[in-house]
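Each chain, letter by letter, is given below.
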Amino acid sequence: MKLKKSLSVILCMLIALSMFTICASAAIAGNGTQASPYKITSEADLAQLATNVNAGESYSGKYFTVTANITLNDDHTPIGTKDHPFSGIFNGNNKTITSLTVWVDDYAALFGYVKNATISNVKIKKGDIYAS
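Calculation criteria
- Residues numbered from 1 in each chain as written.
- Predicted model: local features only at pLDDT ≥ 70, side-chain atom pairs only at ≥ 80, totals over all residues.
- Heavy atoms only, no water.
- Core = buried A, V, L, I, M, F, W, Y, C linked by side-chain atoms within 4.5 Å.
- Buried < 20%, exposed > 50% of the residue type's maximum accessible area, 1.4 Å probe, protein only.
- Helix = DSSP H or I, 4+ residues; strand = E, 2+ residues; numbered from the N terminus.
- Contact = heavy atoms within 4.5 Å.
- Phe/Tyr/Trp six-rings, centres within 6.5 Å; stacked < 30°, edge-to-face > 60°.
- Lys, Arg positive; Asp, Glu negative; His and termini not counted.
- Salt bridge = Lys/Arg side-chain N within 4 Å of Asp/Glu carboxyl O.
- Pairing = 2+ DSSP bridges.

*Asks:* Describe in detail the nonpolar core, supporting the description with residues and values.
*Replies:* When a protein is soluble and globular, its nonpolar side chains tend to lie buried together. Residues I40, L46, L49, F64, I79, F86 and F90 are the most contacted members of the largest nonpolar core, which totals 20 residues. Among the elements of the structure, β1 (38-40), α2 (43-54), β2 (63-66) and β4 (89-98) are those that each provide at least two residues to this core. Looking at which element gives the most residues to this core, the answer is α2, with four residues. When near neighbours in sequence (up to four residues on either side) are disregarded, L46 contacts I40, I70, L72, I79, F90, I97 and L110.

Below, the structure is given as structure tokens:
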């Protein structure tokens, strides 16, 4: 009986640790300050930003910088919705985002909806927007 209890505790700890690892890997590097902006380095970072903003995190007053040229392989979900706009400071750092493909009804672009945001120095190459 003692062995079963010990195994249950160990299993619970492993599950908790794996959940922490999954959540930690989804974070975008940086602190969101001007001195340490969130760093957008990949397609996964752009997707995570869209997920976070579209779920309600506006990033008001938070800083982002693109640190590498990014080629998108999947359809892009626009960052920001009418109900959940992006409100941060996004510096594309003169990097290029290639193969931007968006399939949505409204607000179709890299950023779907922004409010009190600054977006600068972003280059888009080979973009396809399909929207009503």
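*Asks:* Pulling in residues and values, what's your account of the packing of aromatic side chains?
*Replies:* Enumeration over the complete set of coordinates arrives at nine aromatic pairs. Each ring, one from Y59 and one from F64, has its centre 5.1 Å from the other, and the planes form 85°; the classification is edge-to-face. Ring pairing ties together the aromatic residues Y38, Y59, F64, F86, F90 and F111, which thus form one cluster.

*Asks:* An account of the environment of G32 is needed here, citing residue identities and associated values.
*Replies:* Secondary-structure assignment places G32 in the loop between α1 (2-25) and β1. Sequence separation between G32 and K62 is 30 residues, and the spatial gap between their C-alpha atoms is 4.8 Å. Sequence-distant contacts of G32, defined by excluding residues within four places in its chain, comprise P37, Y38, G61, K62 and Y63.

*Asks:* Quick one: what's the story with the side chain of D45, residue by residue and with numbers?
*Replies:* By the secondary structure assignment, D45 is in helix α2. The side chain of D45 sits in the buried core without any salt bridge; K39 is the nearest counter-charge, 10 Å away. When near neighbours in sequence (up to four residues on either side) are disregarded, D45 contacts I28, K39 and I40.

*Asks:* Report on the pairing of β2, specifying residues and quantitative values.
*Replies:* Looking at chain direction, β1 and β2 are connected through three bridges and run parallel. Opposite Y38, over in β2, you have F64 as the bridge partner. Two elements, β2 and β4, share three bridges in a ladder whose sense is parallel. Each residue of the ladder has a partner; that of F64, found in β4, is F90.

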